[in-house]
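Per-entry structural report
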Amino acid sequence: MSVLYDTVIVGGGPAGLNAALVLARCRRTVLLCDAGRPRNAASGGLHGFLTRDGVLPLELTHLGREELRRYGVEIHREAAVSAARCGSCFETVLESGGRCRSRTLLLATGVVDRVPPIPGIEEFYGRSVFHCPYCDGWEMRDQPLAALGPGKPAAGLALSLLSWSRDVVLLTHGPARLSQEERERLKRRGVPLREERIARLEGAGGVLGRVAFKNGETLARRGIFFNTGQVQRSQLAAALGCRFTHRGAVRADRMQATGVTGLYVAGDACRDVQFAMVAAAEGARAAVAIHRALQHQERA
Ligand SMILES: Cc1cc2nc3c(=O)[nH]c(=O)nc-3n(C[C@H](O)[C@H](O)[C@H](O)COP(=O)(O)OP(=O)(O)OC[C@H]3O[C@@H](n4cnc5c(N)ncnc54)[C@H](O)[C@@H]3O)c2cc1C
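Residues numbered from 1 in each chain as written. Predicted model: local features only at pLDDT ≥ 70, side-chain atom pairs only at ≥ 80, totals over all residues.

**As for the overall build of the protein**
When its secondary structure is counted, the protein shows eight helices and 17 strands. Taking the principal axes of its C-alpha atoms as reference, the protein extends roughly 70 × 35 × 35 Å. For the protein, the proportion of its 300 residues judged to be buried stands at 42%. The long-range share in the protein, meaning contacts at least 24 apart out of those at least 6 apart in sequence, stands at 59%. (Helix = DSSP H or I, 4+ residues; strand = E, 2+ residues; numbered from the N terminus. Buried ≥ 20, exposed ≤ 12 C-beta atoms within 10 Å, placed from the backbone. Contact = placed C-beta atoms within 7 Å.)

**Some details on the site of the ligand**
With respect to spatial proximity, 41 residues lie near the ligand, and among them Gly11, Gly13, Asn40, Gly110 and Gly267 are the closest. Put simply, the parts of the chain that give the shell around the ligand at least two residues each are helix H1 (14-25) and helix H8 (276-299). Considering only residue class, the shell around the ligand consists of 20 nonpolar, 15 polar and six charged. (Near = placed C-beta within 6 Å. Nonpolar A, V, L, I, M, F, W, Y, C, P; charged D, E, K, R; others polar.)

**Concerning the packing of H1 against helix H2 (residues 57-70)**
The interhelical angle for the contact between H1 and H2, taken along N-to-C directions, is 15°, at an axis separation of 10 Å. Classified by the interaxial angle, the pair formed by H1 and H2 is roughly parallel. By crossing handedness, the relation of H1 to H2 is classed as left-handed. Facing H1, whose interface residues are Leu17, Ala20, Leu21 and Ala24, H2 presents Gly64, Glu67 and Leu68. Considered class by class, the residues forming the contact of H1 with H2 number five nonpolar, one polar and one charged. (Axes fitted to C-alpha atoms, helices over the stretch in contact; angles between N-to-C directions. Parallel < 35°, antiparallel > 145°, perpendicular 65-115°, else oblique. Left-handed = near helix turned anticlockwise from the far one by under 90°.)

What follows is the structure in structure tokens.
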């Protein structure tokens, strides 16, 4: 408790790891704590990350931690259970009971996807069931695909999937909640609409074979995409007084500052474009902002 770190980073995904790397290279003292549950843990490979295309998510974490060790970053493999401002610094309490004080605090805690509650879906999540065509559309190219969910967002997702496959069906798992105009647009673009309730997903080894409906019918599909939203993985931002967008992202300025003095946020927790590469870039940007703020204090 006697050590006063320049920065404590909560969350060791791409955002937190990259922030730690840049701060350590600025000769800042950094403690990073990570509960080890990255959003994409279920994924069979991370795509669209230059020089690391296809790497397993936990392998990327491992590589990042190895790089940080060379710079002496203190890494704790545990969750931060609370954090509060105490005078001019922050006090963060770790799961093990350890307490750490820091001049600044960076939250890189990510989000959790709301996976649709359909029997069997977890077995396929990350292998055949995805939320992001930019991340996994290429692997599903020219395959029989489905967009899953009700309303306009799911219809938009179905139309977007046509960039990757001509065989796309919209499964609304209940009333479609679409206007006549939206139904006609789907029809014009050759996207069938199925409103029957889904009983379960079937396949083996994470490879989807077919969708079984409650009425006994089945539909052969290789991949399903959904966009049913997400929630913050951690409550720390709310507890520290951060403000949120209407979509539940932590509000931050262009240098990742939250508006709470000394508190920064990076990665999926605060952004709409949610790629590992973007999260890492935000981590770097937060690190620069933190280093500059500390330099400013030191010059005063
Ligand atoms: C199935 C799937 C596939 C994806 N595929 C791709 C892809 O191919 N390409 C791509 O660019 N993006 C992909 N993504 C998105 C990508 O996972 C995210 O954009 C990226 O992980 C965001 O990084 P982050 O550092 O913000 O958060 P995360 O990677 O989620 O890391 C946050 C970390 O903070 C930790 N944490 C949270 N709260 C606490 C706490 N209180 N104390 C300590 N630690 C805490 C978590 O355990 C986690 O380890 C995919 C996502 C999913 C769900």
